[in-house]
Amino acid sequence: MKKLLKGGFVVTPRGSRRADVLLDGEKIAQVGHISPAEAKSAEVTDVSGCYLFPGFIDAHTHFDLDVCNTTTADDFASGTRSAIRGGTTTIIDFACPNKGETLAYGLDLWHKKADGKCSCDYGFHMTIDDWNESIEGELDDMLAAGITSFKMYLTYPAMMIGDGAVYSALKALKKRGGIAGVHCENAGVIDARIAELKAAGRTADVSAHPEARPDYLEAEAVARLLRIAEAADAPVIIVHLTNREALDEVAFARARGQRVYVETCPQYLALDDGVYYDASWSMAARYVCAPPIRAEENQRALWRGLRRGEIQTISTDHCSFTLAQKDMGREDFTKIPGGLPGVETRGEVVYTCGVAAGRMTVAGMCRALCENPAKLYGLYPRKGVIAAGSDADIVVYDPKASHILSARDMVTKAGYTPFEGLRTEGGIARVYLRGSLMVEDGKVVGGPEGQYLRRGLCTL
């Protein structure tokens, strides 16, 4: 049966307008005035006063990932249930073969982890943590499988590759139309600072974590990557950018004519580094992630960057661990598993701290959470827009449904949220995935209906 969402405000990157939306099966059939004859044959839902966003896309999640001698609390079953509850109808996770393993092995492993378990649609990026002729020879197969974006690290010995390999990989990807997202931090200096902090007796001090990884070492790595990308004449994505100095380096590269895309995350927009100086070890440890949460002044630069279009997307870097898992690092801060849960709260946090606070518009929110990631990762116009012929992925956001964020109410298996106690401005009332009602009144009501997405090339 057709479904009619009546009375809402459809949000686009150019603004919002009062319009009805008719769903027919998995697709959007019509947007605007729906004739009485069409309405008569449809199941009508009154969404008056609500915003209708395209389904949110989170292009940076880590589900069922083995790291720090443990595995993330959320697998693809719980992680995508958490995602859909938060309005995210598409996630793109990172397939991570270990050094010495083939890309094909990594892709097959991630399909085994995800297929048949997901409550939202999903795709994969492919991590490049080795570079040789064999790996390069697999790139065409990856693109044929719908893997058009790749991930590289300038830190973490188990995953990083050298500058020369990054250069060669960027050239190989450009030739094929692919694109790489890069984690930018200066590994060598961070390791030296960690050694100094431990020698100073701060091994068990959580506040040593942000001090070991200062913002200027992220900015240095961003600058270095962008010069490598300039040499390779290749576009790049800076993932989870956190601070003003790093964003300045992006501006310099764009002034040189380079194509650079930037992602940031809610934790960098809404939290500050005071979280690491809490009197309770457990309270501070739950915020350990890399790059760390920065000083409050950087929030202003990030929000400004979003308003100006200097930052294209807001993803979460959802990498969840329970507090018991975090406790593994009680005697050594470098052993605290790094990462935060966030896929369930992203939409409400961005609306509350951005739209309602006057830092961005609903149009800007639509760009950062919907249209831009769809275009950047080869999903547009199937995803990222409410238009006839697009997938019927819709988030019904009720500006009057304010509530308090609490881990007690959440699907994630992390057992906590970094935004505990935040009073939201409004809330997610309903979520549709390809026409199926998946979330109603804050409850996940649909089953694991997610489909694997073969993605095209970047069109942003």
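Residues numbered from 1 in each chain as written. Predicted model: local features only at pLDDT ≥ 70, side-chain atom pairs only at ≥ 80, totals over all residues. Heavy atoms only, no water.

(A) Seen up close, the overall build of the chain. Across its full length, the chain carries 15 helices and 21 strands. Relative to a compact globule of 460 residues, whose C-alpha radius of gyration would be 23 Å, the chain shows 21 Å and is just as compact. Its C-alpha atoms give the chain principal-axis dimensions of about 75 × 50 × 45 Å. Across the 460 residues that make up the chain, the buried fraction comes to 59%. Nonlocal contacts in the chain, meaning residues at least 24 apart in sequence, comprise 75% of its contacts between residues at least 6 apart. Surface accessibility of the chain: about 16,700 Å² in total, with carbon and sulfur atoms responsible for 49%. Side chains of the chain give 53 positive and 60 negative charges; the mean places of these two sets differ by 5 Å. (Helix = DSSP H or I, 4+ residues; strand = E, 2+ residues; numbered from the N terminus. Rg over C-alpha atoms; globule rule 2.2 N^0.38 Å. Buried < 20%, exposed > 50% of the residue type's maximum accessible area, 1.4 Å probe, protein only. Contact = heavy atoms within 4.5 Å. Areas by Shrake-Rupley, 256 points an atom, 1.4 Å probe, with all protein chains shown as cover. Lys, Arg positive; Asp, Glu negative; His and termini not counted. Charge placed at Lys NZ, Arg CZ, Asp CG, Glu CD.)

(B) Inspection of the layout of surface pockets at higher detail. The space that makes up the largest pocket amounts to roughly 970 Å³. Residue lining of the largest pocket: 43 residues in total, with Val67, Cys68, Tyr156, Met159 and Gly338 positioned closest to the centre. Among the elements of the structure, strand 9 (66-67), helix 3 (103-114), strand 13 (149-153), helix 6 (187-199) and helix 7 (208-212) are those that each provide at least two residues to the lining of the largest pocket. At four residues, helix 3 tops the list of elements feeding residues into the lining of the largest pocket. One number sums up the size of the second largest pocket: a volume of about 270 Å³. As for the second largest pocket, its lining consists of 19 residues, of which Arg85, Glu348, His403, Ile428 and Gly442 are closest to the centre. Per-element tally for the lining of the second largest pocket: the top contributor is strand 19 (residues 427-433), with three residues. (1 Å grid on protein atoms, 1.4 Å probe; cavity = no way out; pocket = protein on both sides within 12 Å on 5 of 7 lines; lining within 4 Å. Points joined across faces, edges and corners; volume = space filled by probe spheres on them.)

(C) Geometry of the packing of helix 8 (residues 215-232) against helix 9 (residues 244-255). Running from amino to carboxyl end, helix 8 crosses helix 9 at an angle of 20 degrees, the nearest separation of the two axes being 8 Å. In terms of axis orientation, helix 8 runs roughly parallel to helix 9. In terms of crossing hand, the pair formed by helix 8 and helix 9 is right-handed. Residue-level inspection shows Tyr216, Glu218, Ala219, Val222, Ala223 and Leu226 of helix 8 in contact with helix 9, the latter providing Glu245, Ala246, Glu249, Val250 and Ala253. (Axes fitted to C-alpha atoms, helices over the stretch in contact; angles between N-to-C directions. Parallel < 35°, antiparallel > 145°, perpendicular 65-115°, else oblique. Left-handed = near helix turned anticlockwise from the far one by under 90°.)

(D) Representation of the sheet that holds strand 19 within the structure. If you walk across this open sheet you meet the seven strands as 3-2-7-18-19-20-21, and the pairing is mixed. Across the chains shown, the open sheet's two edge strands, defined by having one partner strand only, are strand 3 (15-18) and strand 21 (443-444). Pairing geometry for strand 20 (residues 436-440) and strand 21, over two bridges, is antiparallel. Along strand 21, the bridge assignment pairs Val439 with Val444. Relative to the sheet, helix 15 (residues 362-376) contacts strand 2 (9-12), strand 3 and strand 7 (51-54), its axis offset from that of strand 7 by approximately 25 degrees. (Pairing = 2+ DSSP bridges.)

(E) Spotlight on the packing of aromatic side chains. Tallied over the entire structure, the rule returns 11 aromatic pairs. Taken together, a centroid distance of 5.8 Å and an interplanar angle of 55 degrees make the contact between Tyr122 and Phe124 tilted. With a relative accessible area of 3%, Tyr122 lands in the buried category. Put simply, the rings of Phe9, Tyr51, Phe53, Phe56, Tyr351 and Tyr397 touch in pairs and so form one group of aromatic residues. Above the face of the Trp110 ring, Lys113 is positioned so that its terminal group lies 4.6 Å from the ring centre. For Lys151, the ring lying beneath its charged end belongs to Phe94, and the centroid distance is 4.3 Å. (Phe/Tyr/Trp six-rings, centres within 6.5 Å; stacked < 30°, edge-to-face > 60°. Lys NZ or Arg CZ within 6 Å of the ring centre and 35° of its normal.)

(F) Representation of the environment of Gly100 in the model. On the secondary structure map, Gly100 appears in the loop between strand 11 (88-95) and helix 3. Taking the relative accessible area as the measure of exposure, Gly100 reaches 68% and is therefore exposed.

(G) Local environment of the pairing of strand 19. Most of strand 19 is tucked away: seven of the seven residues are buried. Both strand 18 (residues 394-398) and strand 19 contribute to a ladder of five bridges, which runs antiparallel. The residue of strand 19 that forms the bridge with Asp398 is Gly427. In terms of strand pairing, strand 19 meets strand 20 through four bridges, oriented antiparallel. Bridge pairing in strand 20 places Leu433 opposite Ser436. What sits between the antiparallel neighbours strand 19 and strand 20 is a turn of two residues, in which Arg434 has the positive phi angle 45 degrees.

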